[in-house]
Amino acid sequence: MEEGCMAVTEKASGQILVEVRGLTNRFGSHLVHDQLNLDVRKGEILGVVGGSGTGKSVLLRSIVGLHEPTSGEVRVFGQNLPALSPRERSGIEQRFGVLFQGGALFTSLNLQENVAVPLIEHAGLERALAEHLAQMKLALAGLPPGAALKYPAELSGGMIKRAALARALALDPEILFLDEPTAGLDPIGAAAFDHLLKTLRDALGLTVVMVTHDLDTLYSTCDRVAVLSQQKVLVADTLAAVETTDDPWVQDYFHGPRGRAAAQAATARIQEQ
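Here goes a summary of the coordinates provided. Quantities reported herein were computed from a predicted structural model and do not represent experimental measurements.

Taken as a whole, the second largest pocket encloses approximately 580 Å³ of empty space. Taken together, 18 residues line the second largest pocket, and the ones lying closest to its centre are Glu93, Phe96, Val98, Phe100 and His122. Every element with two or more residues in the lining of the second largest pocket is listed here: helix 2 (86-93), strand 6 (96-99), helix 3 (111-121) and helix 5 (157-168). In terms of residue class, the lining of the second largest pocket is built from 11 nonpolar, 4 polar and 3 charged.

As structure tokens, then:
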């Protein structure tokens, strides 16, 4: 059973799409995760937080199959990815999209070509059709039509994030995995990205797993928050429940000046609605 109680949210259906059981990650003598357990429910936005070195990105990479854990099991859509054949695994992987920290766009390709790559390689579409669909994905991510032919070096940080999101959405995934999606953005750009993420979740029925340190993002978008500490998931619950967790890092993080400001801003937004 997952560490900590888990309140059912209005958005989440209760169906488990990702199950992490007994996950252990060790790099030499350094133990990052020790028998970590976590569930991700269909339709929720789950934020993953923790202090430096707690293995947030390693956890994300373990779930999507980019890192092979020392031990334990990760099931996505009920399937254990390492146990599948390459063809079966590819089919599962096409059901989720990943936005890497920094965007990880191909610098030699324009945005239209960047988003078209998975459509050509995995969906087998002709280039012309793939690029037409790529334009639609870029628009879905909030980019203007003129951005399609621009190269990553010509873009602002916010536009790069949106382009990377468009590429993550290329194959119509059911789950999005995001690694620090608002890092490096100014507050206005970060707030716009948060709003876009919630809109896409509600419109497309997405499930989102997001590693972030952005308190405003946590308060404005997340249904639940999982806190990594002591090599495990210390608690995974609603923000209201996580805030009351008797842990020094949690108390400092959520009840420090920035945490209080983010909570107050979230309350103000709710009252304005």
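On to the pattern of salt bridges. Between side chains of opposite charge, a pair can form when the charged atoms approach closely. Counted according to the given criterion, the structure contains 10 salt bridges. Of the charged contacts, one joins Arg127 and Glu113 as a salt bridge, the two residues approaching to 3.1 Å between their closest N and O atoms. A residue pair is termed long-range when its members are at least 10 positions apart, and Arg127 in helix 4 (residues 127-140) and Glu113 in helix 3 qualify at 14 residues. Arg127 gets classed as partly exposed once you look at its relative accessible area, which sits at 47%. Accessibility expressed as a relative area gives 18% for Glu113, which makes it buried. Connected through shared salt-bridge partners, Glu113, Arg127 and Glu131 make up one network.

Attention now goes to the sheet that holds strand 3 (residues 45-50). A sheet is described by the order of its strands in space; here 6 strands give the open sequence 6-7-8-3-9-10, paired in mixed fashion. The sheet is open, and its two edges are formed by strand 6 and strand 10 (232-237), each paired on a single side. Taking the axes of each pair of neighbouring strands and ignoring which way they run, one obtains an average angle of 15 degrees across the sheet. Both strand 6 and strand 7 (residues 175-179) contribute to a ladder of 4 bridges, which runs parallel. Counterpart to Leu99 in the pairing with strand 7 is Leu178. The sheet strands contacting helix 5 are strand 6 and strand 7, and the helix crosses strand 6 at an angle near 160 degrees.

Each value, and the rule that gives it
- Residues numbered from 1 in each chain as written.
- Predicted model: local features only at pLDDT ≥ 70, side-chain atom pairs only at ≥ 80, totals over all residues.
- Heavy atoms only, no water.
- 1 Å grid on protein atoms, 1.4 Å probe; cavity = no way out; pocket = protein on both sides within 12 Å on 5 of 7 lines; lining within 4 Å.
- Points joined across faces, edges and corners; volume = space filled by probe spheres on them.
- Helix = DSSP H or I, 4+ residues; strand = E, 2+ residues; numbered from the N terminus.
- Nonpolar A, V, L, I, M, F, W, Y, C, P; charged D, E, K, R; others polar.
- Salt bridge = Lys/Arg side-chain N within 4 Å of Asp/Glu carboxyl O.
- Buried < 20%, exposed > 50% of the residue type's maximum accessible area, 1.4 Å probe, protein only.
- Pairing = 2+ DSSP bridges.
- Axes fitted to C-alpha atoms, helices over the stretch in contact; angles between N-to-C directions.
- Contact = heavy atoms within 4.5 Å.

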